[in-house]
Amino acid sequence: MAHDDPSTNRWLQMWQRRNVASRFGNTAVAGCPCGYGASHISRTEPSIRARTTIFLAAFALTLTACGTSAPAPDRKLAATSSPAPPNAASSSAPAAALQLGQSTETVGAGGTGTLEITPTSIAYISTDGSTKPANDVFAFVTYKARATTAVAADLAAPVDGGGWSWAAPDGQAIAQGNGEAYNVVADSFNAGRTVQPGTYLKDAAVFDLATAQAGGTLIYIDGAGTAYRWAMPKTDAGPDVAQIRKELAP
């Protein structure tokens, strides 16, 4: 049934509000379009707050899980994918061999002092007048050792884990004084191993070689364990050849 009378309509609205208020225990909240009582809102407010708190806590846990579940970077992959420095390959490669007559500074035996080492000459001889090689030829290499610090320094020797050796063209390593080489001595090149400050000495390293082993590489390992190399010619060379032959092959 329609109610067109404004006063009647206002009465019905008031009756509906009182009915709601009596149902919820309080008068309607001013401005609330639903007409709910303040006590009803106050009773429902804690449950709203609880639901809000639960929602926020769940949201925070979700964020934490997202943050911790991200995979850690693969450090091994990162390390292997980093580009190598330009000189990484060459830093571990042996230095190019020096030539006969070139000098290099080395560490003395036991790490004491420094010596400038210079192979000066090489002569291939078949006998020293009394001794013949066990193979085909003796390679007689002279060198000069100069002390470059204010303390005496000893040349490294096999007893120190260093000294002289020969690498044949095919790579075979040959020790100083091998075969009959230890018997070949020239007085002008037999000064010993100790070099006093401000002086130099001249000595020799001798090898008993097959013909095919001539023209190899002379190697010196110093007191720090560093190896130095010189490419040796296949024929006599250097300023001491005449003196070598004078003393060993007259």
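Parameters at a glance
Residues numbered from 1 in each chain as written. Predicted model: local features only at pLDDT ≥ 70, side-chain atom pairs only at ≥ 80, totals over all residues. Heavy atoms only, no water. Helix = DSSP H or I, 4+ residues; strand = E, 2+ residues; numbered from the N terminus. Contact = heavy atoms within 4.5 Å. Areas by Shrake-Rupley, 256 points an atom, 1.4 Å probe, with all protein chains shown as cover. 1 Å grid on protein atoms, 1.4 Å probe; cavity = no way out; pocket = protein on both sides within 12 Å on 5 of 7 lines; lining within 4 Å. Points joined across faces, edges and corners; volume = space filled by probe spheres on them. Buried < 20%, exposed > 50% of the residue type's maximum accessible area, 1.4 Å probe, protein only. Pairing = 2+ DSSP bridges. Salt bridge = Lys/Arg side-chain N within 4 Å of Asp/Glu carboxyl O.

Colleague: Can you walk me through the overall build of the protein chain in this structure?
Modeller: Within the protein chain one finds five helices and eleven strands. Long-range contacts, defined as pairs at least 24 residues apart, comprise 68% of the intrachain contacts of the protein chain with a sequence gap of at least 6. Total accessible area on the protein chain is roughly 15200 Å²; 57% of this is exposed by carbon and sulfur atoms.

Colleague: Would you mind going over the layout of surface pockets with me for this structure?
Modeller: Any empty space left between the atoms is revealed when a probe the size of a water molecule rolls over them. For the largest pocket, the calculated volume is near 180 Å³. What lines the largest pocket is simply Tyr143, Leu155, Ala156, Ala157, Pro158, Gly163, Trp164, Gln176, Gly192, Arg193, Asp203 and Ala204.

Colleague: Please clarify how the pairing of strand 11 (residues 227-231) should be interpreted in this entry.
Modeller: The side chains of a regular strand alternate, residue by residue, between the two faces of the sheet. Residues of strand 11 alternate between two faces, with Tyr228 and Trp230 buried on one and Ala227, Arg229 and Ala231 left unburied on the opposite face. In this sheet, strand 11 lies alongside strand 1 (residues 98-99) in parallel orientation, the contact comprising two bridges. Along strand 11, the bridge assignment pairs glutamine 99 with alanine 231. Of the pairings in the sheet, the one linking strand 10 (residues 217-221) to strand 11 comprises five bridges and is antiparallel in character. In the sheet register, isoleucine 221 faces strand 11, and the bridge partner there is alanine 227. Counted between consecutive antiparallel strands, the loop separating strand 10 from strand 11 contains five residues, among which glycine 225 sits at a positive phi close to 85 degrees.

Colleague: In this structure, what is going on with the sheet that holds strand 6 (residues 163-167)? I would like to understand it.
Modeller: Strand pairing in a sheet relies on backbone hydrogen bonds, with the paired strands running either antiparallel or parallel. One open sheet accounts for five strands, arranged 1-11-10-6-7; its pairing is mixed. Both edges of this open sheet fall to strand 1 and strand 7 (173-175), since each of them pairs with a single strand only.

Colleague: Explain the side chain of threonine 104 here, please?
Modeller: With respect to the secondary-structure elements, threonine 104 resides in strand 2 (residues 104-107). If we skip the residues at most four places from it in the chain, threonine 104 touches Leu98, Leu115, Glu116, Ile117, Tyr228 and Trp230.

Colleague: Sorry, what's going on with the pattern of salt bridges here?
Modeller: Side chains carrying opposite charge are able to pair once their charged atoms draw close together. As enumerated under the stated definition, the model contains four salt bridges in all. In this structure, arginine 146 engages glutamate 116 in a salt bridge whose closest nitrogen and oxygen atoms are separated by 3.7 Å. Within this pair, whereas arginine 146 is found in strand 4 (residues 137-147), its partner glutamate 116 is found in strand 3 (residues 114-125), the two being separated by 30 residues in sequence. Judged by relative accessible area, which is 31%, arginine 146 ranks as partly exposed. Residue glutamate 116 is classed as partly exposed on the basis of its relative accessible area of 27%.

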